[in-house]
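# Results of the structural survey
Below are the chains, spelled out letter by letter.
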Protein chains: 4
Amino acid sequence: MANQQRLAGIFTPNLVPYDHKGEINESELRRYIDWLIERGVHGLYPNGSTGEFTRFTVEERRRIVSIIADQTRGRVPILAGAAEANVKETLAACEYYAGLGVRAVAIVAPFYYKLSPASVYAYFKEIGRNTPVDVTLYNIPMFASPIDVPTVQRLSEECERIVAIKDSSGEIPHMIRMIRAVRPNRPDFAFLTGWDAALMPMILVGCDGGTNASSGVVPEITRKLYDLTMAQRLDEARKVQYDLVGLFDTMIYSAEFPDGFRAAVQLRGFNMGVGRQPLSAEQQTDLAALSRSLQCMLAEHGFTNEPVGGCPPGGNVNTAEVGEIVQKVLAELKRRGLM
Amino acid sequence: MANQQRLAGIFTPNLVPYDHKGEINESELRRYIDWLIERGVHGLYPNGSTGEFTRFTVEERRRIVSIIADQTRGRVPILAGAAEANVKETLAACEYYAGLGVRAVAIVAPFYYKLSPASVYAYFKEIGRNTPVDVTLYNIPMFASPIDVPTVQRLSEECERIVAIKDSSGEIPHMIRMIRAVRPNRPDFAFLTGWDAALMPMILVGCDGGTNASSGVVPEITRKLYDLTMAQRLDEARKVQYDLVGLFDTMIYSAEFPDGFRAAVQLRGFNMGVGRQPLSAEQQTDLAALSRSLQCMLAEHGFTNEPVGGCPPGGNVNTAEVGEIVQKVLAELKRRGLM
Amino acid sequence: MANQQRLAGIFTPNLVPYDHKGEINESELRRYIDWLIERGVHGLYPNGSTGEFTRFTVEERRRIVSIIADQTRGRVPILAGAAEANVKETLAACEYYAGLGVRAVAIVAPFYYKLSPASVYAYFKEIGRNTPVDVTLYNIPMFASPIDVPTVQRLSEECERIVAIKDSSGEIPHMIRMIRAVRPNRPDFAFLTGWDAALMPMILVGCDGGTNASSGVVPEITRKLYDLTMAQRLDEARKVQYDLVGLFDTMIYSAEFPDGFRAAVQLRGFNMGVGRQPLSAEQQTDLAALSRSLQCMLAEHGFTNEPVGGCPPGGNVNTAEVGEIVQKVLAELKRRGLM
Amino acid sequence: MANQQRLAGIFTPNLVPYDHKGEINESELRRYIDWLIERGVHGLYPNGSTGEFTRFTVEERRRIVSIIADQTRGRVPILAGAAEANVKETLAACEYYAGLGVRAVAIVAPFYYKLSPASVYAYFKEIGRNTPVDVTLYNIPMFASPIDVPTVQRLSEECERIVAIKDSSGEIPHMIRMIRAVRPNRPDFAFLTGWDAALMPMILVGCDGGTNASSGVVPEITRKLYDLTMAQRLDEARKVQYDLVGLFDTMIYSAEFPDGFRAAVQLRGFNMGVGRQPLSAEQQTDLAALSRSLQCMLAEHGFTNEPVGGCPPGGNVNTAEVGEIVQKVLAELKRRGLM
């Protein structure tokens, strides 16, 4: 509800483990949720991009939130991704998730068609008028129609039940523009960043927290980064942020999203199964190599053992390797139209 | 089946009329289908982008094809859009549409996530291996992961059931590159263009036809353009193509897609209802103005009466108006990342 | 002058040979110009993008046109690139080139800063008002501020001395929009395409000719393509256009522009020297490999001998090789922001 | 020299005043330089993008640095933009500026042609090998070929005279990636940001300073922001950064760059003359309106008087006005391909 406290902290956009038939692995999902909560994540965020919401059926999306709500039993708040085919279907999902007791839903702007700001406004206005549960706008311009600053401002002024925005653009000036435009009139409105590589500076310019895929892999690190930054222990925070950039870049750019994150969670001890998006033979080989690199990175932090055969001295800061990964990063950024 | 004749001609990506509650208006859809067939379209293409496939539920998509198959009764072939949440669901749709006797299905590359060529290949390979019905690849890089030339070539060589590509990029050199790469080994493979503003030159460089949204509005004109071009009556064809660019630009760039096309079909005498994507008050006003412009354009061809109050002299070739529309076109092209 | 005939045909954007010190090789340039004219190019176009105008000093640019005017002695018209640092300097260049008797100048829109249509209009308007020689607008949105359709229309109506546009976007619908907007009021205004991969369909939709880099390498082929297309011998023209796409793609995407064209002209018997943009060791190796591929392509048409060691059977239509080149094409298109 | 201290602080990319004939106004330039130094800028940066280097002739660019070096008389270091038509000409400029005693030169990556990382590397390597003066790389991907992270890393390791990078991308993760890749091996290498809207967080993640166009308008504010941030007085710094975003956005997005900055410097009491890029009548009107908005913003800080007729209550934080400006911002971002 709008009189509740501002959303804050790290909400983990959790992955979904599959069984050998490619179906939701419920017991592993429950075990994973417990593990995340025990490691200090402030909340959970099922049906996000990391959670591959587009690859599930309507019924499966509901079942995922239902399992998580049941397993969480109120220990942490849930932000449930609720986007469906149209306004009517999305509102039906909101209703269902409200019944499960989630703290809020997150709704991505319409995708496939790239809509204008006027249409994005009209879409969320219709939802904001009819939702039975608090709504977080979800801006991810690399995948969906962008939600621009005037639209966020207008919706925040007209719709009390719209209480936050999750922004995955990663652009600091954009975040500043949103906060400048909204906070004076809606001090209860929260700003969450979905771009792990900028988490520390985002918080320093005024963000309330993040929905960061890395927190599903190394919740210890994202929690530490959040706490150090909030405490303004900047030199320590900066060091953690730099390390996180290395890990995040490797996971996000060296494989099809979110496969790098899936490979890393597997290394943390969960049986993730095989993803629903088929991989070519070459991609499977690449993913095995990536998994080895990730294992060295995680081993360096004591989160797992080194792979058989060991890791290069200096852990993951091998210059050539970094250079190579960075080149992959750049190629990916270009491919996704971000450069 | 792969031993059938190459797909050719204009397949109309039909719109879906809604009733006053926003549900599929079955009787109006049946009337519209008859009207299209009587005006000479070579085939129908339900569940395309024009048909707003993403705004329907799984069940509704099936119902649309089912109605059309029933109404068509074999008079023209059907190309049914069959993309669903994942490979398994998509194959289930293929199975269903095969049972309805469609000529082929059309499957758009995965969207939301922007996938690499390797993933796009793996996705279609899995489908190509298991489909019970001929498959048309659907490349629409402005909305979905692009299907690049080497991927088309490889899939055409490895999967007999993949028999065509529909390309909506509108780029002639890209079309030439695809035909060069595929036709020598797969003379039965068809190339269809989804970009009405380049229909004539696309056919002249070797395309087999198109899936053109304009053909749902002015089937008389697209059929005439196709016939004149095939007959190499170039001067006449060029004139029709120029006219079509004016009409197409107005419909595609002056409103959110496919609302301009919906407004125009309404003018041809069909009750299209209100679209599922909400419009702001300002957008509704714009759409009314657009409808008036379209009415003048259609009246000039004798397809409808002039609006009350009449049209500017010289019909739609009023220079200032064209300039204005072109500026909208450009703004839109930029917004969609095409310029 | 505005009462002269419309510009038409293929104007070759000629390269400039360097000597061993990286200076303009005058005698080789003169020999190259004669060779081009003998092979039927309709005109010459020094100081274009192909001619690396940005890599020369003001004085060198003038010297290049001066040499070419002297060597041509009126056999073919010259279109001289005249863009300089600002309007005043550009007009001074126009004056100079007018004195050399060029048919017209070509002026690219301001680059580095990406200007709005209003600024592009103001820039050309100022030039159009003061130029002593006919002006061709030069639109190349991948390198310079775009010249949009309303700007072309307005300039064509207000400035008699602006007599043509050279468009290198390669987009057919864009060309159609320009011709529709301008030709009714300015039947003397010419439209030239700078995108070789679409030359045939561009002419078929109404273009007057082209300024095509390939014509500096294989003037025999571009002339033949132009003649066949003008004669509406479409099946023959299409075949030549397909071949040209293969050659053009290889030259433009397999090396930094215009190095692929330089390598090819070297194979035609000219000593091109070393370019002014330094190459890394790896790039030099790549260029040698490219040169070998090009030699096979040219040998197939009888324009040169096969390289030592011979060519793969089937000449350049080796499928794997084509696939590889196409992948380079795509990577390049992405890098240049065209996909 | 490489053994000097790391570049740090705010280097002002100064504008150049014109006289009534559009020539460099030397006396006003000298007065402006003194004014900037008196207000605490750490250095000067002539011939940057803000300084419109592309709109001057070779001789004018030299004269600008010469005047500034003479006027500065060592009070602050000078970073002189030295990019010319090719490597040879650029090195000649380096030589000249070295003779004037500049601290370093700044060289933008080649522009017009959009070069690959390999070519950008080869270009700077050739310069780094031969320069007589320290070199700052200048990365501004919206205008010139991008300098990617592996290229910066490689050049920093191979060229001692390359001592810094000025990055105008404004992307925090990109800055972190560069610092991670370079700093371990080159602790003397400096990182400067050219994106004023992210100055505070850039410094907080490790940047050494900035070359910020705003510092030519409100040197008092950028200096204060720098000092507060360096002192980790974050709440105060954040407030100043937010204000700066408002001013910066207005100057950069409401007019053609750098006209908004020119208008603002005029309001600070300098006679800037008329720019070299012509403006349409409509643009001139817009610029007058912008000037009025800027005057209110500057008056709020006591930097000038309110315009005749006064300012809206609440100074520049009028919501509707902000909304309007933000929409212009967004349109501009799209036009420049940044969204």
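Because the structure is a prediction, the values reported are computed rather than measured. (Residues numbered from 1 in each chain as written. Chains lettered and ligands numbered in written order. Predicted model: local features only at pLDDT ≥ 70, side-chain atom pairs only at ≥ 80, totals over all residues. Heavy atoms only, no water.)

## Overview of empty space enclosed by the protein
Over the atoms rolls a probe the size of a water molecule, and its path tells where empty space is left. Taken as a whole and judged by the stated rule, the model has 18 cavities of 30 Å³ or more. Taken together, 44 residues line the second largest cavity, and the ones lying closest to its centre are T54 and F111 of chain A together with T54, R61 and F111 of chain B. Counting only elements with at least two residues in the lining of the second largest cavity, the list comes to α2 (58–72) and α3 (87–99) of chain A together with α2 (58–72) and α3 (87–99) of chain B. Of the residues belonging to the lining of the second largest cavity, the class tally is 26 nonpolar, eight polar and 10 charged. (1 Å grid on protein atoms, 1.4 Å probe; cavity = no way out; pocket = protein on both sides within 12 Å on 5 of 7 lines; lining within 4 Å. Points joined across faces, edges and corners; volume = space filled by probe spheres on them. Helix = DSSP H or I, 4+ residues; strand = E, 2+ residues; numbered from the N terminus. Nonpolar A, V, L, I, M, F, W, Y, C, P; charged D, E, K, R; others polar.)

## Some words on the pairing of strand β6 (residues 162–167) of chain C
Residues and elements named next belong to chain C. Of all six residues that make up β6, six are buried, and the element is covered over most of its length. Where strand β5 (residues 135–139) and β6 come together, five bridges link them in parallel fashion. Bridging across to β6, T136 finds its partner in A164. Regarding the hand of the β-α-β motif, the stretch spanning β5, helix α5 (residues 149–158) and β6 is right-handed. Note: β6 against strand β7 (residues 190–193), four bridges, orientation parallel. Looking across to β7, one finds that A164 is bridged to A190. Traced from β6 through helix α6 (residues 172–182) to β7, the parallel crossover comes out right-handed. (Buried < 20%, exposed > 50% of the residue type's maximum accessible area, 1.4 Å probe, protein only. Pairing = 2+ DSSP bridges. Right-handed = clockwise from strand over helix to strand, strands pointing away.)

## Quick look at the relation of the copies chain B and chain A
The transform that puts chain B on chain A rotates by 180° and translates by 0.0 Å along the axis, for an RMSD of 0.0 Å. Those values place the two copies in the arrangement expected of a two-fold rotation axis. Ranked by how close their C-alpha atoms come to the rotation axis, the residues of chain B are headed by Y112 of chain B, at 3.2 Å. Here 100% of the interface residues in chain B have copies in chain A that are interface residues too; the copies meet face to matching face. (Least-squares fit on C-alpha atoms with pLDDT ≥ 70 in both. Contact = heavy atoms within 4.5 Å.)

## Quick notes on helix α11 (residues 281–300) of chain D
Side chains that are three or four residues apart share a direction in an α-helix, a result of its 3.6 residues per turn. Residues and elements named next belong to chain D. Between its terminal C-alpha atoms α11 stretches 29 Å, which fits the 28 Å expected from 20 residues at 1.5 Å a residue. Buried within α11 we find Q283, L287, L290, S291, L294, Q295, C296, M297, L298 and A299. The first or second residue beyond α11 is G302, which carries a positive phi of 80°. (Expected span 1.5 Å × (residues − 1).)

## Digging into the sheet that holds strand β5 (residues 135–139) of chain B
All names here are of chain B. Taken in spatial order, the eight strands make up an open sheet running β2-β1-β8-β7-β6-β5-β4-β3, and their pairing is parallel. Where the open sheet ends on each side, the last strands, each with one partner, are β2 (43–44) and β3 (79–81). The pairing of strand β7 (residues 190–193) with strand β8 (residues 209–210) spans two bridges and is parallel. Residue T193 lies in a different strand from β8, and its bridge partner there is G210.

## Let's talk about the confidence of the model for chain A
Residue and element names in this part refer to chain A. Mean pLDDT for chain A: 93, with 91% of residues reaching 70 or above. Every residue in residues 315–320 scores below 50 in pLDDT, and together they form nine contacts with partners more than four places removed in sequence or on other chains. In the predicted complex, the global pTM is 0.93; the interface-specific ipTM is 0.92. (pLDDT = per-residue confidence, 0-100.)

## A word on the side chain of N25 of chain D
Residue and element names in this part refer to chain D. Turning to its location among the elements, N25 is positioned in the loop between β1 (9–12) and α1 (26–38). N25 gets classed as buried once you look at its relative accessible area, which sits at 14%. Not counting the four nearest positions on each side in its chain, N25 is found in contact with P17, Y18, D19 and N271.

## A word on the state of the cysteines
Counted under the stated rule, the structure contains four disulfides over all chains. Between the sulfur atoms of C296 of chain B and its disulfide partner C311 of chain B the distance amounts to 2.0 Å. Where C296 of chain B bonds to C311 of chain B through sulfur, the torsion about that S-S bond is close to -95°, and the disulfide is left-handed. Taken together, the positions of C296 of chain B in helix α11 (residues 281–300) and C311 of chain B in the loop between α11 and α12 (319–335) put the pair 15 residues apart, joining distant regions of the chain. C296 of chain B sits in the buried class, given a relative accessible area of 8%. Of all cysteine sulfurs in the structure, the one in C94 of chain C sits closest to C159 of chain C, which takes part in no disulfide; the separation is 13 Å. (Disulfide = S-S within 2.5 Å.)

## Here we look at the packing of helix α10 (residues 259–267) of chain D against α11 of chain D
Residues and elements named next belong to chain D. Contact geometry for α10 and α11: axes closest at 9 Å, N-to-C directions at 55°. Of the possible angle classes, the one that applies to α10 and α11 is oblique. Our pair here, α10 against α11, has a crossing hand that is right-handed. Facing D259, G260, A263, A264 and L267 of α10, the residues of α11 in contact are L287, L290, S291, L294, Q295 and L298. Class assignment of the residues belonging to the contact of α10 with α11 gives a composition of seven nonpolar, three polar and one charged. (Axes fitted to C-alpha atoms, helices over the stretch in contact; angles between N-to-C directions. Parallel < 35°, antiparallel > 145°, perpendicular 65-115°, else oblique. Left-handed = near helix turned anticlockwise from the far one by under 90°.)

## Here we look at the interface of chain B and chain A
Taken together, the 43 residues of chain B in the interface contact 43 residues of chain A. For the pair chain B and chain A, the interface holds two salt bridges. For K88 of chain B, the salt bridge goes to E23 of chain A, with nearest N and O atoms at 3.0 Å. Between the two partners, chain B and chain A, sit 18 residue pairs in polar contact (both at pLDDT 80 or more). Sorting elements by how many residues they give to the side of chain B that touches chain A places helix α4 (residues 117–130) of chain B first, with six residues. (Salt bridge = Lys/Arg side-chain N within 4 Å of Asp/Glu carboxyl O. Polar contact = N/O pair within 3.5 Å; in protein donor to acceptor, adjacent residues only side chain to side chain.)

## Things to note about the pattern of salt bridges
In total, this model carries 104 salt bridges over all chains according to the counting rule given. A salt bridge links R6 of chain B to D208 of chain B; the nearest nitrogen and oxygen atoms lie 2.9 Å apart. Of this pair, R6 of chain B sits in the segment before β1 (9–12) while D208 of chain B sits in the loop between α7 (199–204) and β8, placing them 202 residues apart in sequence. Owing to a relative accessible area of 31%, R6 of chain B belongs among the partly exposed residues under this scheme. Given the relative accessible area of 9%, D208 of chain B is considered buried. Between R262 of chain C and E52 of chain C there is a salt bridge, and its shortest N-O distance comes to 2.9 Å.

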